[in-house]
Amino acid sequence: MPALVEMRQIAKTFGPVVALNGVDFTVHTDEVVGLVGDNGAGKSTLMKILTGVHQPDAGEVWLAGTRVHFHSPLESRRNGIEMVYQDLGLAENLNAIANIFLGRELTRRTGGLRLLSEGEMERQGRRHLDGLQISLPSVFLPVERLSGGQRQSVAIARATAFRAQLVIMDEPAASLAVTEAAKVLALIKRLREQGVSVVLISHRLQDVFDVSDRIVVLNRGSKVGDLRRQDTTMEDVVGLIVGKSA
């Protein structure tokens, strides 16, 4: 069975800066992959190529055994790849349901007019939140009034509401308290259990070790490690990040 995502020999430069130098990166179905490296290692650039934000200078991207060319984030989303950025990109004045359906609102035709199906969006939104075991004080509160962990959960719910196969998360627990970070990590595990693969970009190595099946390490645009979590240690990974052999 082919990998869900396979990126082969990806290269990308920005002027004189070599951001990626022949990187191979694979994600299998039902897998959480930790993507780690120092600032400037190429993590975000690699994921922006996968999501169609950047085009590679060289290399190939394959999705479920078919070569693909994503020229925009919209194209990658249509193929089941979603990214939750560190700033979350939520509409702060809207509630959780409105954010989940933002840009994908359900409508109904009444008397020649097309109106929002608010009741149906609420029903489907609640069902999706319940399925992910996301608990909010109210689905009708503006998200600006939710805690950091609750807002992160809403962003993840939005990313997975429309048949996502892969969700990329950029530092999802970076600014969260310990209790809220633990809830986000538990949500990542539930996504895997429900058949959604995850790429976790994080500097918090303990989080990466808590949830990842594999850990991929980038250093100055090159892949220097691709390790099964049970076969490595945090010391080994830190060594690869800073340029020492595992």
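Residues numbered from 1 in each chain as written. Predicted model: local features only at pLDDT ≥ 70, side-chain atom pairs only at ≥ 80, totals over all residues. Heavy atoms only, no water.

**Considering the sheet that holds strand β2 (residues 17-27)**
Rules: Should DSSP find at least two bridges between two strands, the strands are taken to pair. Secondary structure elements follow DSSP: runs of H or I of four or more residues count as helices, runs of E of two or more count as strands, with numbering from the N terminus. Every axis corresponds to a line fitted to the C-alpha atoms, with the helix fit spanning only the stretch in contact, and the corresponding angles, defined between N-to-C directions, vary from 0 to 180 degrees. The criterion used for residue contact is that any of the two residues' heavy atoms lie within 4.5 Å.
Taken together, the four strands give an open sheet; going across it, the order is β2-β1-β4-β5, and neighbouring strands pair in antiparallel fashion. Strands at the two margins of the open sheet, each flanked by one partner only, are β2 and β5 (66-68). Averaged over all pairs of adjacent strands, the angle between strand axes in this sheet comes to 30°, irrespective of strand direction. Here five bridges tie strand β1 (residues 5-14) to strand β4 (residues 58-63), and the two strands are oriented antiparallel to one another. Looking across to β4, one finds that Val5 is bridged to Leu63. Here helix α1 (residues 43-50) sits on the sheet and contacts β1, β2 and β4; the angle it forms with β1, its principal contact strand, is near 115°.

**Some thoughts on the layout of surface pockets**
Filter applied, for reference: Lining residues are those with an atom within 4 Å of a point, where the points come from a 1 Å grid over the protein atoms alone and group into cavities, where a 1.4 Å probe fits but cannot get out, or pockets, open sets with protein on both sides within 12 Å along at least five of seven lines. Grid points are joined across faces, edges and corners, and a volume is the space filled by probe spheres set on the points. For this classification, Asp, Glu, Lys and Arg are treated as charged, while Ala, Val, Leu, Ile, Met, Phe, Trp, Tyr, Cys and Pro are nonpolar and the rest, including Gly, are polar.
Within this model, the largest pocket holds a volume of roughly 310 Å³. Taken together, 18 residues make up the lining of the largest pocket; nearest its centre are Arg77, Glu82, Met83, Tyr85 and Arg158. The leading source of residues in the lining of the largest pocket is strand β6 (residues 81-84), at four residues. Its residues assigned to classes, the lining of the largest pocket comprises ten nonpolar, three polar and five charged. Taken as a whole, the second largest pocket spans an internal volume of roughly 190 Å³.

**What to know about the sheet that holds strand β11 (residues 214-219)**
Taken together, six strands build an open sheet; the order of strands is β6-β9-β10-β3-β11-β12 and the sheet is mixed. Each of the sheet's edge strands pairs with one partner strand only, and the pair in question is β6 and β12 (222-228). Adjacent strand axes in the sheet meet at a mean angle of 20°, parallel and antiparallel pairs treated alike. Here β6 runs beside strand β9 (residues 166-170); their pairing, made up of four bridges, is parallel. Paired with Met83 across the bridge in β9 is Ile168. α1 rests against β3 (32-36), β6, β9, β10 (197-201) and β11 of the sheet, and its axis sits at about 150° to β9. Strand contacts of helix α8 (residues 234-242): β3, β11 and β12, with the helix running at about 25° to β11, the strand carrying the most contacts.

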